[in-house]
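# Summary of the model geometry
Each chain is listed here by its residues.
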Amino acid sequence: MKHSEHEGVDGARGEYVTEFRPTPGMVFLIGGGPGAADLITLRGLKALEAADVILTDHLGPSSVLDELIDTTDKQVVDVSKLPYGRKVSQEKTNEMLVDFAREGKIVARLKGGDPFVFGRGFEEVQVLTQAGISVHVIPGVTSAISVPAAAGVPITQRGLVHSFTVISGHLPPGHEKSLNDWAALACTGGTLAVIMGVKNAPAIAASLIANGRPETTPVALIEEGTTDRQRSFRCQLGELGSVIEANGVRPPAVYVIGEVAGL
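Residues numbered from 1 in each chain as written. Predicted model: local features only at pLDDT ≥ 70, side-chain atom pairs only at ≥ 80, totals over all residues. Heavy atoms only, no water.

### Focus on helix α3 (residues 90-102)
Given 3.6 residues per turn, any residue in an α-helix points the same way as the ones three and four places further on. Across its 13 residues, α3 extends 18 Å between first and last C-alpha, which sits within 8% of the 18 Å expected from 1.5 Å per residue. Listed in full, the buried residues belonging to α3 are Gln90, Thr93, Asn94, Met96, Leu97, Val98, Phe100 and Ala101. In the core, the buried residues of α3 are packed alongside β3 (27-31), β4 (53-56), β5 (75-78), β6 (107-111) and α4 (121-130). Trailing α3 by a residue or two, Gly104 shows a phi angle of about 90°, which is positive. (Helix = DSSP H or I, 4+ residues; strand = E, 2+ residues; numbered from the N terminus. Expected span 1.5 Å × (residues − 1). Buried < 20%, exposed > 50% of the residue type's maximum accessible area, 1.4 Å probe, protein only. Contact = heavy atoms within 4.5 Å.)

Here it is, written out as structure tokens:
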């Protein structure tokens, strides 16, 4: 299979490897899935087993890593970025990935969900290939679709909705750095799946309603989806903020806005 190559600043050539081939000095960028340990892919599990070093986030199966593989001969490093809590900077994580790979170790970078869905995965690919390091990306099951499914909510339904949009809610509507067109999102007619949006849910709901989405639009809210701590709530869009507050909902959580949430 073919792969693309990028020229590093020091002249080194880093490979974006498309085939699975554990080799000393390479990095596996693994999507761990939405939370449950057994929702990681078989290829992701094989990469963890082959790794000498594993850099983990707090999402996905990281908290139950010992249930997946024998970690006694592996170095496990927590590089979590907890919402509104402790965090390891992305720059530090990048530095560790490069350093471990240059030591000749097989490195597994375990992320929650899919590494290319709001996971900063491609940023890490760029850093690694520019440093002359081979990297193989292993897709994961994204929480935006799988968590609603685990609660019985389809993202699409024949005859009801023909599109869905996955939205990062980490910035509220009106924020100077927000790249979302909330007025357009309110009028899509499709399902909206919001991740990283617990804190800003009241502002998001208010913006959607102000731009034409009916306040009676069904919403499904799922906290800690696919895990044994999963909780689900159904409400209307106008009630979303109060439901989150009344039930003490905290990240990670996904909410689905649209007619499918009322099925």
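Don't stop here, the text continues.
### Some words on the domain arrangement of the protein chain
For interface size, the figure often reported is the accessible area lost on association. Domain assignment breaks the protein chain into domain 1 (27-138) and domain 2 (143-262). Residue-level contacts link eight residues of domain 1 with 14 residues of domain 2. Both faces combined, the contact of domain 1 with domain 2 buries some 830 Å², and carbon together with sulfur accounts for 73% of it. Counting every contact that joins domain 1 to domain 2 gives zero salt bridges. Remark: the boundary between domain 1 and domain 2 carries one residue pair in polar contact (both at pLDDT 80 or more). For the side of domain 1 that touches domain 2, a count of residues per class yields seven nonpolar, one polar and no charged. (Domains from an automatic or database assignment. Buried area = accessible area lost by both parts, 1.4 Å probe. Salt bridge = Lys/Arg side-chain N within 4 Å of Asp/Glu carboxyl O. Polar contact = N/O pair within 3.5 Å; in protein donor to acceptor, adjacent residues only side chain to side chain. Nonpolar A, V, L, I, M, F, W, Y, C, P; charged D, E, K, R; others polar.)

### A few points about the packing of aromatic side chains
Per the stated rule, a full pass over the model turns up two aromatic pairs. Considering the side-chain rings of Phe20 and Phe28, the 5.3 Å spacing of their centres and the 35° angle between planes classify their relative orientation as tilted. The partly exposed category is assigned to Phe20, whose relative accessible area is 29%. Arranged with centres 5.8 Å apart and planes meeting at 85°, the rings of Phe116 and Phe122 form a pair that is edge-to-face. A relative accessible area of 44% places Phe122 in the partly exposed class. (Phe/Tyr/Trp six-rings, centres within 6.5 Å; stacked < 30°, edge-to-face > 60°.)

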